[in-house]
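Take a look at the letters that make up each chain.
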Amino acid sequence: MTAGNDSVLALLPMVFASPGDALSRAEEVLDTDPTPLHASVAHQVIGIWQRDWGDVRLALGHLRRARDLAARSDSAEREADVLGTLGVALVHAGRTRQGLAAFERGVARGTGHTRARVLYRRAYSLWVLGRHREALEDVRRAIPVLRQADDVIWTARARTLRATVHLALGAVERAEADFAAAEALWDTTGQEHDKADAVESRGLAAFHSGDVPAALRLLDEAQERYDKLGTPTFMLAIRRCEVLMAAGLAPEALAEADAAIGVLDGIGGQSTRKAELLLTAARAARLADDPRTAIARAAVAERLFAGQRRTWWEAHARLVLIEARAATGRRSGRLVADAARLAERLAAFQAPAAPEAWLLAGRIALDLGRAADAERYLRIAARSRRGGPPLARVTGWAAQALWARATGSGRGVLEACRRGLDVLDDHRTTLGASELRARATARGAELASLAQQVSLERGGPRRLLAWSERWRATALSTPPTRPPADPVLLSGLTAFRVIASRAEAARRDGRPVPALEREQRRLEREIRSRTLHIRGVTPWGGDRFGGDRFDARRLLDRLGEGRLVELAVLDGRVQVLLCGGGRVRRFAGGLLADAEREAEHVQAGLRRLAHPGAEGRLPVVEAMGRRLEELLLGEAAGRLGPGPVVVVPPARLHRVPWALLPALRERVVSVSPSASGWLRARETEPPPDGRQVLVRGPGLATCGAEVPEVAGRYGTPVVLEHGDAHVPRVLAELDGAALAHIAAHGTFRADSPMFSSLRMADGPLIVHDFERLARSPYRIILSSCDTARLASVGADELLGLVTALLPLGTAGVVASSAPVNDAAVVPLMLALHEGLRRGLSLAEALRDARAALPGDALHQATGWAFTAFGAA
C-alpha cells in the first residue's frame, strides 16, 4: 500500500471518530477521479454515515456501488469488508434475507482478520434480529482473531456487542465484565463515537442491575457526547425510554419515543429502529394507561417485525398487544390461549419478558374463572420471584400472590404481597429523587390492593389499617437524597429563576414570551434531569417506617382523646377506618368517584367565593360539604368524640377542604398523608433556638400586609422583604427555623409538580429548592393561593410544596388548597399567629382563627380553604 492508500483507508475508522470530517473527506475523494479501490472506500464511508445517521436508502445505493468497485479492484478482502457493511444496512432496511445472503458471501470471500470483522457485523445484525444464540456464536468466533491481530477498535466493539447480547439473555454479570473490558480498550483510542457508545452501554448495564439513577446519568452523558459529534442515535432513545418506564415516567417515555419516530421518518432512517421505537412507544402507552395508543403502536410494530423476519421482536410486540387488549376489557378464552402460546415462545427465546407473559395469561384466566389454567400459568410466572432485576422479582411475587388468591390461601397472599413490596422498597432506596420514589410505587399498587382486599375479608379493621399504611405515602417516609454541591444544578436553578422572572414580567407588560417560554422549558428539563441522576443513600430504618414497623397500638396510645380517620379505597369504594379510644373500627363510605366529583365542585365554589359578590353561593357550598361528609365519613361522622381529629385521605382526595364538613367544622382538624407520617411529625422535636422567619414576596394585592403586624408580635424575627426576599437568602434563613411565614404568590404546576413555586424577588422558589434544605422549618405557614395543591402519582403518593417539606423536618404546615382573597387572608393570619403565641398547635390555632373571622361568605370561604398538615 502506498501512502495515498493508507490515507484513504484511514477514512473507515474515522467514521466513528469524527463522522462529519470523514463524510467530507470521502466526498472529496470522489471528486478526484479515484481508483476503484479508493472509490470503493469513499462510497463505503458515505454509506456507513447514511446508514447510521441519515437516509438508509441512500446508504444502500452507496454501499452497492462500493461493492461493485471493490470487485473491480480485484481485492477479495476489500469486497468482503464492503459486503459486511452492506449486510448490516440491508438488515436495518428490513431486507433481512438479502442482508444475511450478503454476510454469507462476505464470510466466504474474506480471510482471517477481515472475516472476523464480517462475523462481528453479522453477529450485530443477528442481535438486531433477536437471534441471540447465533449472534453469541459469531461474536465468540470473531473476538480471538481480532485480539490476535491486535485490533483494539474492533475487539472493543466485539466485547461491547457480546455484553449487549448477554444482557438480552439475562446474563448481567457477564455483560458487565465485557462492558468494563471494552471501556478500558476505548480509553486507548480516539474513537469518539465508540466511546460515547461505551458510556451508553454502561448505562444499559446499570439499568439491568437495577440502578436507575446511574442509568439515566450515563445515558444523558452519552447523549451529550453524541450531540457534540452531530450523530443522532435512536438506540439511545429506546434505552432511555426503557429506563424512564422503569422509573414510572411512562408519559415522558411515550413522548420521547414518538418524537424520535418523527425524527427518524424525517431523515428516512432505519426501518428496524422505527419498529423498535414503535414497540417502545406501545410499552410506554400501556404503562401510561393509554391502551388504545398501545394497541395502535404495537400492531404496526408487529407487522414491521414480521416483514423483517425478526421473530424475537415480533413476540415482544405481540405481548404488548395482548396486554393492551386485556386492559380495554377484551378478555376471552382465545386471549388466554394467545398469551399462553406467546409465553412459551418467549421462554424458548430465553427472553426475560416470559414471566410477564405467563402472569398475563394467568391473570386473564383468573378473571374468566378458569381456575386450573390460572393456577398453572401463575405458578410458572412466580418462578421469577427468586432472581433477576427487582422489577422482574416484583412480577414474580405478584404472580405468587394471585396464585395464592386463586387457591384460597389468605396467608399466602399476604406473605407474597409483603415479599414483593419489600423488593420494591429496596429498589426505591436506590432512587434519590422524591419524584422517582413516588412514581415507582405504581409497580406495587396491585400487591397493596390484594393485601387490603384479603385484610378486609379476613383480618378485620386493624389489619386493613396496617396494610393501608404499608403502601401509603411511602415516598415521604425518608427525605430525598440531597444533591452534593452540584454547580451545574445550582447554575441551572439560577438561570431558571432569571428566565421565569423575565417571562412573568413580559406577560404583565403584554410583550411576546414564546422564546422565553422555550428557554424556561429547556432549563426545566435540565434541572429535572440532574435531580433524577441522584442515587439514594438513605437506608430504610428497620422496616421502612422510620425505624419501627407500623404498630396500631402505638398509634392509639399517641392519639389519646383524639381520633384518626384513615380512608382506604377498595374496589372504588371508601372504607373509613376510625382509630381512637383504644380500638380501630371500620365504617362504609361512598364511591370514590362520587367524592372526587363533589370535591371538584367544592373547589369551584370556593373559587367563586374568593371574590366579593358571590354570597349567594355560600349555601350551595355548605350543601356540598354535607354531601362530602356522607361520602367520606358515613356513620363515622357521629362517632368522632370530642377531641382533635387527624384525617388521612387517599391521594386522590387531597383537595378536600376538610373544615367544610359539618362534623369537622368546629373541631381541631389536621391532615396527614399517612398515620405513620403523623406519628413521625408528632415525635419531631422543634429546634432549640426558636427562630422565626417572615417572608414577603412581591406583587401581592395587600403587599403581604400581615407580615409587618406579625413581626411586631414576636421578639426579633428575621424579616425578608423587597430585595432581601431572594431565593438564596430565603433558603439560608428557612434552614432549621422554628417557624416560617411566607406571604407570596403561589403557583401549582399540574404538568410538573416539582416546579410548583412561590414567587420571590428574584423569581420562583420551587420544590427542588426546598429539597436542598438540610432541615426545613419545624412549622411553616404558606399564606398563598394553591400551596396545598398536590399531584397524585404512583400508587397513592403526592408531589408538591407541602409533601416536599414533610420529610425534611417540618412537623406542621398551614397551606391553602384553593385560590383565596388576599385581603381576607390578612385577619385569618393575624388570628392564627395570635393562637401560636398562646402555645397552640397549628391545627388548634387555625380552628380558633376561623372562629374569629367575620361571618360573611368571603371570610368563611377563606378559612375553609386553609388546612393544617402534620402534627405541630
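Predicted model only: the values in this text are computed from it and were never measured.

Sorry if this is basic, but what is going on with the pattern of salt bridges here?
Pairing is possible between side chains that carry opposite charge, provided their charged atoms lie close to one another. With the rule as written, the count across this model stands at 67 salt bridges. E276 serves as the salt-bridge partner of R310, at 2.4 Å between the closest nitrogen and oxygen. Of this pair, R310 sits in the loop between α17 (291-307) and α18 (311-327) while E276 is found in helix α16 (residues 271-287), placing the two residues 34 residues apart along the sequence. Take R310 and E276: they sit in the same class, and that class is buried. The partner of R497 in a salt bridge is D762, with the nearest N and O atoms 3.8 Å apart. In this pair, R497 is assigned in helix α26 (residues 487-509) and D762 in the loop between β10 (757-760) and β11 (763-766), connecting sequence segments 265 residues apart. Each of E415, R418, R419, D422, D425 and R470 takes part in salt bridges that share partners, so that together they form one network.

Can you walk me through unusual backbone geometry in this structure?
Residues other than glycine predominantly adopt negative phi, and peptide bonds predominantly adopt the trans conformation. You will see that D74, though not glycine, has its phi angle at about 60°, which is positive. Relative to the helices and strands, D74 is located in the loop between α5 (56-72) and α6 (76-92).

Before we go on, may I ask you to explain the confidence of the model for the protein chain in this structure?
Mean pLDDT over the protein chain works out to 90, with 96% of the residues at or above the 70 mark. Across residues 539-548, where pLDDT falls below 50, the model places 24 contacts with residues more than four positions away in sequence or in other chains.

Looking at this structure, how should I read helix α13 (residues 212-229)?
Owing to its 3.6 residues per turn, the α-helix brings residues three or four apart onto one side. Its 18 residues give α13 an end-to-end C-alpha distance of 26 Å, which sits within 8% of 26 Å, the value for a rise of 1.5 Å per residue. Looking at the packing, one finds that the buried side of α13 touches α12 (192-208), α14 (234-246), α23 (410-428), α24 (434-440) and α27 (514-532). The N-cap of α13, judged by a side-chain oxygen 3.2 Å from the amide nitrogen of A214 a few residues on, is D211. Phi turns positive one or two residues past the end of α13, at G230, with a value near 70°.

What should I look at first to understand the packing of aromatic side chains in this one?
Each aromatic ring pair is characterised by the separation of its centres together with the angle its planes make. Scanning the entire structure with this criterion turns up 8 aromatic pairs. With centroids separated by 5.0 Å and ring planes inclined at 80°, the aromatic side chains of W312 and W313 adopt a geometry described as edge-to-face. With relative accessibility at 10%, the residue W312 sits in the buried group. By relative accessible area, which is 13% here, W313 ends up buried.

Explanation requested: the packing of helix α3 (residues 19-30) against helix α4 (residues 36-53) in the structure shown.
Two quantities define a packed helix pair, namely the angle between the axes and the distance from one axis to the other. Axis separation between α3 and α4 bottoms out at 9 Å; the angle between their running directions is 140°. The handedness of the crossing between α3 and α4 comes out as left-handed. Where α3 approaches α4, its residues P19, G20, A22, L23, A26, E27, V29 and L30 are matched on the opposing element by H38, A39, A42, H43, V45, I46, W49 and W53. Per-class residue counts for the contact of α3 with α4 are 12 nonpolar, 3 polar and 1 charged.

So what exactly am I meant to see when it comes to the pairing of strand β3 (residues 583-591) here?
Regular strands show a simple pattern: their side chains alternate between the two faces of the sheet. Relative to β3, strand β2 (residues 573-580) is paired through 7 bridges, and the arrangement is antiparallel. Directly across from L577, in β3, lies its bridge partner R586. Taking the residues between adjacent antiparallel strands as the criterion, β2 and β3 are bridged by 2 residues, where G581 takes a positive phi near 65°.

Would you mind going over the nonpolar core with me for this structure?
One broad rule of soluble globular proteins: the nonpolar side chains tend to lie buried together. Ranked by internal contacts, the top residues of the largest apolar core, which has 134 residues, are W127, L161, L277, L346, C417 and L436. Sequence-distant contacts of L161, that is, excluding residues within four places in its chain, are made with Y120, A123, Y124, W127 and V139. In terms of nonpolar packing, the next biggest core, distinct from the first, is built from 106 residues, V565, V669, L790 and L840 among them.

What's the story with the sheet that holds β11 in this structure? I'm lost.
In any sheet, the strands associate via hydrogen bonds between backbone groups, in a parallel or an antiparallel arrangement. Taken in spatial order, the 3 strands line up as β9-β10-β11 in an open sheet, and their pairing is antiparallel. Whereas interior strands pair on both sides, the edge strands pair on one side only; in this sheet they are β9 (746-747) and β11. By the bridge criterion, 4 bridges tie β10 to β11 in an arrangement that is antiparallel. Paired with L758 across the two strands is L765, which belongs to β11. Along the sheet, α26 contacts β10 and β11; its crossing angle with β11, the most-contacted strand, is approximately 130°. Against the sheet, helix α33 (residues 727-734) makes contact with β10 and β11, and its axis sits at roughly 30° relative to β11, the strand it touches most.

I keep staring at the pairing of strand β8 (residues 739-743) and nothing clicks. Help me out?
Counted residue by residue, β8 has 5 buried out of 5 residues, so it is predominantly covered. Strand direction decides the pairing type here: strand β6 (residues 692-696) and β8, joined by 5 bridges, are parallel. Considered in β8, the bridge of L694 is made with H741. Strand direction decides the pairing type here: β8 and strand β12 (residues 779-783), joined by 5 bridges, are parallel. In the strand pairing of β12, A740 is matched with I780.

Looking at this structure, I do not really get helix α37 (residues 842-852). What am I missing?
Considered for burial, the residues of α37 that qualify are L842, A843, A845, L846, A849 and R850. One side of α37 holds all its buried residues, which, seen down the axis, span an arc of 160°. In this structure, α37 carries A851 and A852 as exposed residues pointing more than 90 degrees from its buried face. Packed against the buried residues of α37 are β5 (669-671), β12, β15 (812-816), α36 (822-837), α38 (857-865) and β16 (866-870).

Thresholds applied
- Residues numbered from 1 in each chain as written.
- Predicted model: local features only at pLDDT ≥ 70, side-chain atom pairs only at ≥ 80, totals over all residues.
- Heavy atoms only, no water.
- Salt bridge = Lys/Arg side-chain N within 4 Å of Asp/Glu carboxyl O.
- Helix = DSSP H or I, 4+ residues; strand = E, 2+ residues; numbered from the N terminus.
- Buried < 20%, exposed > 50% of the residue type's maximum accessible area, 1.4 Å probe, protein only.
- pLDDT = per-residue confidence, 0-100.
- Contact = heavy atoms within 4.5 Å.
- Expected span 1.5 Å × (residues − 1).
- Polar contact = N/O pair within 3.5 Å; in protein donor to acceptor, adjacent residues only side chain to side chain.
- Phe/Tyr/Trp six-rings, centres within 6.5 Å; stacked < 30°, edge-to-face > 60°.
- Axes fitted to C-alpha atoms, helices over the stretch in contact; angles between N-to-C directions.
- Left-handed = near helix turned anticlockwise from the far one by under 90°.
- Nonpolar A, V, L, I, M, F, W, Y, C, P; charged D, E, K, R; others polar.
- Pairing = 2+ DSSP bridges.
- Core = buried A, V, L, I, M, F, W, Y, C linked by side-chain atoms within 4.5 Å.
- Arc of directions from axis to C-beta.

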